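What follows is each chain in one-letter form.
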Amino acid sequence: MIRLKPYRLEPSSKAFLFNYIPIRLIKALHLNNINPLQKTPKRVDYSSVKVMGILNVTPDSFSDGGKFSSLEKGLKQVDKMMADGVDIIDIGGESTRPGAEKVSEKEELSRVIPLLKAIKSRFNVDVSIDTSKAIVMAESIEHSADMINDVRALQNEGCINILAQTNIPICLMHMQGLPETMQENPSYSNIIEEINCFFENRISACHQGGINKERLILDPGFGFGKTIDQNFELLAEYSQFKRFGLSLLSGTSRKSMIGNLLNRNIKQRLAGSLTSAIISIQQGANIIRVHDVQETVDALKTLKAVAKFQ
Ligand code: 9MG
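Attention in this report is confined to the structure presented alongside it. Here the structure is a predicted model, which is why all the values come from computation and not from measurement. (Residues numbered from 1 in each chain as written. Predicted model: local features only at pLDDT ≥ 70, side-chain atom pairs only at ≥ 80, totals over all residues.)

**Overview of the nonpolar core**
- Within the largest apolar cluster, 61 residues are counted, with the highest numbers of intra-cluster contacts made by Ile89, Ile91, Ile129, Leu163, Leu172 and Ile288.
- Non-local contacts of isoleucine 129, meaning those with residues more than four positions away in its chain, are made with Ile91, Val112, Leu116, Val136, Met137, Ser140, Ala145, Ile148 and Asn149. (Core = buried A, V, L, I, M, F, W, Y, C linked by C-beta atoms within 7 Å. Buried ≥ 20, exposed ≤ 12 C-beta atoms within 10 Å, placed from the backbone. Contact = placed C-beta atoms within 7 Å.)

**Some thoughts on the sheet that holds strand E7 (residues 247-250)**
- Read around the closed barrel, the eight strands follow the order E1-E2-E3-E4-E5-E6-E7-E8; overall the barrel is parallel. When strand polarity is set aside, the average angle formed by the axes of neighbouring strands in this sheet is 25°.
- Here strand E5 (residues 170-173) runs beside strand E6 (residues 216-219); their pairing, made up of four bridges, is parallel. Residue pairing across strands places leucine 172 opposite leucine 218, the latter belonging to E6.
- This element, helix H3 (residues 71-84), spans strand E1 (50-56) and strand E2 (88-92) of the sheet and lies at about 165° to E1. (Pairing = 2+ DSSP bridges. Helix = DSSP H or I, 4+ residues; strand = E, 2+ residues; numbered from the N terminus. Axes fitted to C-alpha atoms, helices over the stretch in contact; angles between N-to-C directions.)

**Observations regarding unusual backbone geometry**
- The phi torsion at arginine 254 lies on the positive side, around 55°, for a residue other than glycine.
- The phi dihedral of asparagine 263 is positive, around 55°, even though this residue is not glycine.
- Position of asparagine 263 relative to the elements: it lies in the loop between helix H9 (256-262) and helix H10 (270-282).

**Examining the environment of glutamate 233**
- Position of glutamate 233 among the secondary structure elements: in helix H8 (residues 228-236).
- Glutamate 233 sits in the partly exposed class, given 15 other C-beta atoms within 10 Å.
- Spatially, the C-alpha atom of glutamate 233 lies 8.6 Å from that of isoleucine 192, the residues being 41 residues apart in sequence.

**Considerations on the site of the ligand**
- The immediate surroundings of the ligand are formed by 13 residues, with Asp130, Cys171, Met173, Asp219 and Gly251 found nearest.
- The class makeup of the residues in the shell around the ligand is five nonpolar, five polar and three charged. (Near = placed C-beta within 6 Å. Nonpolar A, V, L, I, M, F, W, Y, C, P; charged D, E, K, R; others polar.)

**Considering helix H4 (residues 105-122)**
- Taking 1.5 Å per residue as the helical rise, H4 with its 18 residues ought to reach 26 Å, and the 26 Å between its terminal C-alpha atoms agrees with that figure.
- Those residues of H4 that sit buried are Glu108, Arg111, Val112, Leu115, Leu116 and Ile119.
- For H4, the secondary structure elements touched by its buried residues are H3, E2, strand E3 (126-130) and helix H5 (134-142). (Expected span 1.5 Å × (residues − 1).)

**Re the packing of H10 against helix H11 (residues 293-307)**
- Remark: H10 packs on H11, axes separated minimally by 10 Å, with the N-to-C direction vectors making an angle of 40°. When the axis of H10 is compared with that of H11, the two are oblique. Of the two elements, H10 crosses H11, and the hand of that crossing is right-handed. In this structure, H10 uses Leu270, Leu274, Ala277, Ile278 and Ile281 to contact H11, whose residues at the interface are Glu295, Thr296, Ala299 and Leu303.
- For the contact of H10 with H11, the per-class residue count stands at seven nonpolar, one polar and one charged. (Parallel < 35°, antiparallel > 145°, perpendicular 65-115°, else oblique. Left-handed = near helix turned anticlockwise from the far one by under 90°.)

And the structure:
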């Protein structure tokens with residue numbers, strides 16, 4: 001075992017570490033991404049992790065095939081998600097799947113608002129509205145939406161202005177390109193740095209427009225202008241999005257990154273969805289956006305049971 005010559009140094013300094021810990025061990029710790037200066041490994045606060053259930057109200061919804069396009073079916077699905085332990089319901093009236101067609105403001109409003117009103121009058125649950133349109137944001141907030149989830153990160157005209165007049169949380173998601181073309185040839189020189197640079201710009205635009213940084217939730221946007229490998233790199237490096245000290249959202253549920261990796265159709269992606277959810281939770285995700293609420297809640301409970309002894 002090689003020990004370097006000891007010097008009198010503060011026990012907390014890096015030099016102290018390198019003088020007293022065998023080089024072999026330092027290498028092993030670094031390989032495992034463990035900071036040996038930390039007395040105990042950094043704990044994940046599982047109690048603050050929220051499960052967001054997906055409720056798409058689009059006729060071509062990518063994984064429910066439009067099953068829940070009517071009000072009645074939507075409410076039934078909410079009832080089930082509530083029984084399964086959901087924390088937030090995310091209603092989306094515009095499909096953002098690759099190549100999806102655009103939807104008019106009128107059409108999106110007619111899909112989202114009646115369902116939002118019905119949920120709010122029947123259930124005690126937080127509702128997020130997945131939209132990029134200022135008018136849909138404004139109408140939703142008027143009808144008691146608790147959060148806005150924008151895959152275009154408030155880049156559309158009027159969005160920042162509308163949200164600056166409220167105090168609800170907002171999710172800013174990263175996407176390269178637009179849903180119509182985003183999967184054609186995604187390309188980055190350093191995907192993590194480019195996404196963090198995007199977050200920095202959007203946080204600054206929000207701040208200048210009167211939205212406090214504390215209201216923002218960041219999301220690297222799995223599947224939005226990323227190849228399969230790029231998606232898995234994001235998952236591996238997910239903790240790097242903690243740089244801004246903000247909450248993070250992770251949405252990998254049933255996505256093509258899982259389907260293509262495992263060669264599984266939309267109904268066979270549960271194992272991949274849960275594994276990726278757990279990986280992002282362990283790296284600091286605060287909200288997990290999923291189709292399979294019951295299974296995700298169970299996975300989270302299991303993580304919490306283990307964490308009690310760590
Ligand atoms: C609407 N939508 C579809 N996928 C998503 C994801 O990964 N994150 C967020 N925030 N919204 C999404």
